[in-house]
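# Close look at the chain arrangement
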Amino acid sequence: MLSVVVSGLRGRWASFLGGFLALVLGVGLLTATGLGLAAALDPPAHAPERFASSPVVVLGQDRLTVEVRRGPGTALVSRPLDRPQPVDTAVLRELRDRWTLTENPADVRHPDAVGLDAPAEQVRALVGDRARVLTGAERRRADPGHERDGHELTGLNALLGTAGGVAAFVSVFVVASVFAFSVALRRREFGLLRTAGATPGQVRRLLLAEATALGVTASAAGCALGGLAAPPMARALVDRALAPEWFAHAVGGSAGWPYHLAFWTGLCVALAGAAAAAHRAGRTGPVDALREADVDRDVLPPGRALLGAGLLAAGIGLLVWTYATEPEALLKRKTYTTLPMLLTGGAALLAPLLARPVARLLPVPRGGAVGLLVRENGAAAVRRTAAVAAPVLVTVALAGTLFGASESVALAKETEARERTAAPYVVEGPGLRIPPRTAGGAVVAASGPTSLFVRDGAEAVVKYQARAVTDPAAFAALARLPVVAGDLRGLDDRSIVVNEEFERRRVGEEVEVWRADGSGPVRLRVAAVLARGTGDNGPYVTRAQAPGSVPDRLESDRPLPAEAAANGAGAAPAARNEAAATGLRLVLALVLLYTVIALASTLLMATSVRGPELASLRLAGATRAQALRAVTGEAVLAVAIGTVLGLGVTAAVLGALGAGLAALSAPVVLAVPWAQTGAAAGVCAVVAVAASALPAWRLTR
């Protein structure tokens, strides 16, 4: 058996090249992203910057701790504050009485942290629960960049996780497609083996042994490639400000689990891709295999049909269920990244069933025999057509859904932001100066960011990003918020404007909240209720309930004085998430690379065995140019079929997103990414034409 496997791999290396390259790239990307995740999840210890010379740091409380119900008893839950509170005055006095403190001269009156050289246990005994005592690497929590590093790592984890997940997802389809088509082309060989006495089990073991050899070598090569690619990837992320500076030196350390995870995932992908093909090869009898070697029958096995229909039904069902129960989830990246994979996977598995009717519907040039031949061959050779259309479907669907959903959500947010105010003049930026009330008689509404902590039932505490209003009257005069109950004019220092996400959202009800610095709780009366929108509609409070909030937005019905907008950025649309955009471009490039490999491999294999067919076509009177046009036309038709099916998946996802926006009373603004989908389809068409024309040109010489 081993000699047969080795000789088979040597003789048909070109048939396995596509799957081998796809697996090497997939494992390499999994290794590189795994090493990045290992560095992000377990960052190396860094020396503190702010209190480097102090072995102990006393930090003001930076978390809100609230008692909630847990089953029959209670428990304490904590939520991070926007910034640490100043260290309690009594604590500072007691510390100064016993030790010499290291303080920042700029905030010596109300410091949020102080350093000292004292036994940590004695400091903890004195401070108790009035502040936090930090030692060792934890002292970095007092550094100014600590929170920024945390936000960058959150986006970085999402980026690396998405890229790794898509790599695994696409690898399965590419490897499975290559194996399935390779087995379809080898049916005559398997028939001869069966005629010579080989059992179905031996045929299956032969294919699985080939897959094991392919998986082991490709996974080992992919791990080596990923280990080499991880440091440059980390440096590129740091250069684009998507990761902290220390990340470039932390990737590629001693973590071993990314290599194990990537290697065994690659081997499992190879075996999973070959399992269905091996079962199909061993199920055919010798006479049937020889008789039907060139006939496309039974192209959709029951197992594949059941799995494809299940994935398609699951994807559609989850879209409908999410829309009906939690429409705001449709706007989240986690949802519009994962759900399309179910629809795409189901449609790709059902491609042999969908290819023939779509081929009949697509317009094909009728001015001659070549157009008729292209249509009939594309519809008859379903296995070949579906093997080409499936990777194109995956590429177009992922490009359309990921970019379309991301751009649509961003456009909806921007449109909603413009519609939230009637002010013709808006200035945004840090450090804005509020002009005097008498400045030209203008109505100026100033607001700044803050946070509110609210109980969600008796079991949880939710942190809301809120806006703090300086002048409630001016705010009510200029705001055009989607009010569903109450009146914005009722907002004052003892009230709050909430949205429909709040558990208590009746006008006149009282809501218990904690402020951004953890102070509270205070009870605020609901003055108005807003529609949920895209997630930026409230809550709103006044500056009295937002300690530390600084205005970053001015709205006015008249031009603002120059000094008021000295540090403003102008009325600019909401900034796009650069990490998310970079992640989407990386994912699309990755998927397109996989598709190119799959198309080239499949068409080179498919066209290389069409020598007798092309010879018959020449004997029937076709010129060499006509034969080449027929072969390349079939490839373009298969790409068009995959494009149409991919656009169908895109339409389903964007349609659900539009329905979700409407249910949230948000602007329904859908962006169809024609540039990305068109570019993906164009690249696929060019590769398909080249990969089919080259072997056809050689065969028709």
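Here is a short report on the structure shown in this document.

What follows deals with helix α7 (residues 200–239). Compared with an ideal rise of 1.5 Å per residue, which puts 40 residues at 58 Å, α7 spans 56 Å between its outermost C-alpha atoms and is within 8% of the ideal. Where α7 bends most, at Ala229, the angle is about 35 degrees, and the proline Pro231 comes one to four residues later.

Below, the discussion takes up the sheet that holds strand β6 (residues 132–135). Ordered by their spatial adjacency, four strands build an open sheet running β4-β5-β1-β6, and the pairing between neighbours is antiparallel. The open sheet has two free edges, formed respectively by β4 (101–102) and β6, since each of these has just one partner strand. Strand direction decides the pairing type here: strand β1 (residues 56–59) and β6, joined by four bridges, are antiparallel. In the sheet register, Val57 faces β6, and the bridge partner there is Leu134.

Turning our eyes to something else, we now look at the pattern of salt bridges. Under the definition given, this model contains 15 salt bridges. Between Asp62 and Arg132 there is a salt bridge, and its shortest N-O distance comes to 3.1 Å. Of this pair, Asp62 sits in the loop between β1 and β2 (63–70) while Arg132 sits in strand β6, placing them 70 residues apart in sequence. Given the relative accessible area of 26%, Arg132 is considered partly exposed. Because the salt bridges share partners, they merge into one network encompassing Arg455, Glu510, Glu512 and Arg523.

Inspection of the entire model under this criterion finds three aromatic pairs. Between Phe263 and Trp264, the aromatic rings sit 5.1 Å apart at their centres with planes inclined by 90 degrees, giving edge-to-face as the arrangement. Note on Phe475 and Tyr540: the rings are 5.1 Å apart at their centroids and 35 degrees apart in plane angle, and the pair reads as tilted. Of the two residues, Phe475 sits in helix α16 (residues 472–478) while Tyr540 sits in strand β14 (residues 540–542), which places them 65 residues apart along the sequence. For Phe475, a relative accessible area of 9% gives the class buried. You can call Tyr540 buried: its relative accessible area is 7%.

Attention now goes to the environment of Leu654. Structurally, the position occupied by Leu654 is in helix α19 (residues 624–663). Look at Leu654 and you get buried, because its relative accessible area is 5%. For the pair formed by Leu654 and Ala671, sequence separation is 17 residues and the distance between their alpha carbons is 8.5 Å. Beyond its immediate sequence surroundings of up to four residues, Leu654 is in contact with Gly404, Ala405, Ser408, Leu670, Ala671 and Val672.

Quick notes on the rules
Residues numbered from 1 in each chain as written. Predicted model: local features only at pLDDT ≥ 70, side-chain atom pairs only at ≥ 80, totals over all residues. Heavy atoms only, no water. Helix = DSSP H or I, 4+ residues; strand = E, 2+ residues; numbered from the N terminus. Expected span 1.5 Å × (residues − 1). Bend = angle between axes of the 7 residues up to and from the residue. Pairing = 2+ DSSP bridges. Salt bridge = Lys/Arg side-chain N within 4 Å of Asp/Glu carboxyl O. Buried < 20%, exposed > 50% of the residue type's maximum accessible area, 1.4 Å probe, protein only. Phe/Tyr/Trp six-rings, centres within 6.5 Å; stacked < 30°, edge-to-face > 60°. Contact = heavy atoms within 4.5 Å.

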